[in-house]
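What the coordinates show
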Amino acid sequence: MKTLRCFIAIASFGLFGMSANAQDKVEATVGTDFVSQYIWRGLDCGNVSVQPTLGLGWKGLSLTAWGSVGLEASDTKEFDLTLGYSAGGFNIGVTDYWFNAGGDVRGRYFMYKAHGTNHVFEGNIGYDFGCLNVQWYTNFAGNDGVNKDGKRAYSSYFELAAPFTLAGLDWTATVGAVPFATTSYDTSGFAVTNIGVKAVKEFTIGKSLTLPVFAAINANPCSQKAYFTVGFSIVPNL
């Protein structure tokens with residue numbers, strides 16, 4: 001689950017994560033997001049959180065580590081690893097999500113027992129047309145939710161994101177939905193879970209630091225909840 005990634009669904013799952021082009025040398029990305037509330041795909045995943053990113057990219061391949069730690073002890077801790085590939089507008093990837101709560105009550109990272117692990121494995125595929133970014137995500141292993149019959153739901157989510165510029169800010173309008181019933185998203189069938197708009201203003205501090213500041217409004221028609229979040233990122237210019 002991700003905060004910024006619920007607004008702009010890209011290969012690295014993060015607004016300020018790895019952008020893997022066809023470069024000839026290995027490139028690195030490091031940064032940290034600070035968010036007022038952790039909202040992911042229209043779900044409330046925690047309160048004020050710190051979310052670091054570390055990534056490597058080479059010739060379209062990217063490997064990104066992403067985490068989230070809330071300031072409150074009750075907030076879920078998360079550590080994700082994403083292996084992706086992009087070429088032109090096309091992207092594909094696999095993410096290993098880990099949470100400190102879930103199937104294994106002791107919260108062990110190296111516990112991969114079926115239905116007793118805190119890992120969720122998800123595949124994604126998508127295409128960025130420039131004016132519209134289309135992404136599809138499906139859980140294929142790990143601690144996935146179940147459907148109405150109590151069987152693995154292969155929980156899925158698809159999202160459309162359209163970027164635009166208005167009044168000197170970079171905006172993104174997003175619509176996301178869950179196609180099938182799953183306890184992972186608390187849906188009984190097809191459901192729109194995320195309608196949002198986000199604005200970003202990027203500031204440059206000297207030659208070595210970029211500071212994007214953002215605000216976002218998201219609504220979840222399925223749960224009938226709405227959220228207003230703000231935050232900023234610290235991105236060193238490597």
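Residues numbered from 1 in each chain as written. Predicted model: local features only at pLDDT ≥ 70, side-chain atom pairs only at ≥ 80, totals over all residues. Heavy atoms only, no water.

1. Quick notes on the overall build of the protein chain
Looking only at helices and strands, the protein chain features 0 helices and 14 strands. Along the chain direction, N to C, the helices and strands of the protein chain fall in the order β-β-β-β-β-β-β-β-β-β-β-β-β-β. Here the protein chain has a C-alpha radius of gyration of 17 Å; the compact-globule value for 238 residues is 18 Å, and the two agree. In terms of its C-alpha atoms, the protein chain occupies a principal-axis envelope of roughly 55 × 40 × 35 Å. Considering the protein chain as a whole, with its 238 residues, one finds that 46% of them fall into the buried category. Where the 16 positive side-chain charges of the protein chain centre and where its 18 negative ones centre are 4 Å apart. (Helix = DSSP H or I, 4+ residues; strand = E, 2+ residues; numbered from the N terminus. Rg over C-alpha atoms; globule rule 2.2 N^0.38 Å. Buried < 20%, exposed > 50% of the residue type's maximum accessible area, 1.4 Å probe, protein only. Lys, Arg positive; Asp, Glu negative; His and termini not counted. Charge placed at Lys NZ, Arg CZ, Asp CG, Glu CD.)

2. Regarding the packing of aromatic side chains
On inspection of all chains with the given rule, the structure shows 15 aromatic pairs. Ring centres 6.1 Å apart and planes at 15° place the aromatic pair Trp-40 and Tyr-185 in the stacked group. Of this pair, Trp-40 sits in strand 2 (residues 38–40) while Tyr-185 sits in the loop between strand 11 (169–178) and strand 12 (191–205), and the two are 145 residues apart along the sequence. The two residues Trp-40 and Tyr-185 agree in class, both being buried. Between Trp-98 and Tyr-109, the aromatic rings sit 5.6 Å apart at their centres with planes inclined by 55°, giving tilted as the arrangement. With a gap of 11 residues between them, Trp-98 in strand 7 (residues 90–99) and Tyr-109 in the loop between strand 7 and strand 8 (119–128) connect regions that are remote in the sequence. (Phe/Tyr/Trp six-rings, centres within 6.5 Å; stacked < 30°, edge-to-face > 60°.)

3. What about the pairing of strand 7?
The buried fraction of strand 7 is high, at 7 of 10 residues. Bridge count for strand 6 (residues 78–87) against strand 7 is 10 bridges, and the pairing is antiparallel. Its bridge partner being in strand 7, Thr-82 is matched across the sheet by Thr-95. In textbook terms, the turn of a hairpin is the stretch between consecutive antiparallel strands, and for strand 6 and strand 7 this stretch comprises 2 residues, one of which, Gly-88, has a positive phi near 65°. Sheet analysis places strand 7 next to strand 8, joined by 9 bridges and oriented antiparallel. The residue bridging Ile-92 from the neighbouring strand is Ile-125, located in strand 8. (Pairing = 2+ DSSP bridges.)

4. Considerations on the nonpolar core
One finds Tyr-38, Trp-40, Leu-43, Cys-45, Trp-66, Tyr-97, Phe-99, Val-120, Tyr-137, Tyr-157, Val-178 and Tyr-185 forming the largest nonpolar core, which totals 12 residues. Among the secondary structure elements, those contributing two or more residues to this core are strand 2, strand 3 (43–46) and strand 7. (Core = buried A, V, L, I, M, F, W, Y, C linked by side-chain atoms within 4.5 Å.)

5. Section: the state of the cysteines
Under the counting rule described, the total for this entry stands at 0 disulfides. Sulfur of Cys-222: no disulfide; nearest cysteine sulfur belongs to Cys-45 and is 14 Å away. (Disulfide = S-S within 2.5 Å.)

6. Points about unusual backbone geometry
Positive phi, close to 55°, is recorded for Arg-41, a residue that is not glycine. Tracing the backbone through its elements, the reader meets Arg-41 in the loop between strand 2 and strand 3. The exposure class assigned to Arg-41 is buried, which follows from its relative accessible area of 3%.

7. Quick word on the sheet that holds strand 6
Spatial strand order, 1-4-5-6-7-8-9-10-11-12-13-14: 12 strands in a closed barrel with antiparallel pairing. Between one strand axis and the next, the sheet turns through 20° on average, direction left out of account. As paired strands, strand 9 (residues 133–142) and strand 10 (residues 156–166) are joined by 6 bridges and run antiparallel to one another. Among the inter-strand pairings, Asn-133 is bridged to a residue of strand 10, identified as Ala-161. (Axes fitted to C-alpha atoms, helices over the stretch in contact; angles between N-to-C directions.)

8. Notes on the confidence of the model for the protein chain
Low pLDDT means the predicted coordinates in that region are not meant to be read closely. On average, residues of the protein chain score 90 in pLDDT, and 90% of them reach the 70 mark or higher. Low pLDDT, under 50, characterises residues 3–21; the stretch is placed with 82 contacts to residues that sit more than four places away or in other chains. (pLDDT = per-residue confidence, 0-100. Contact = heavy atoms within 4.5 Å.)

9. A word on the environment of Lys-25
Checked against the element boundaries, Lys-25 lands in the segment before strand 1 (27–35). Taking C-alpha positions, Lys-25 is 24 Å from Ile-234, a pair spaced 209 residues apart along the chain. Setting aside its immediate chain neighbours within four residues, Lys-25 contacts Gly-57 and Trp-58.

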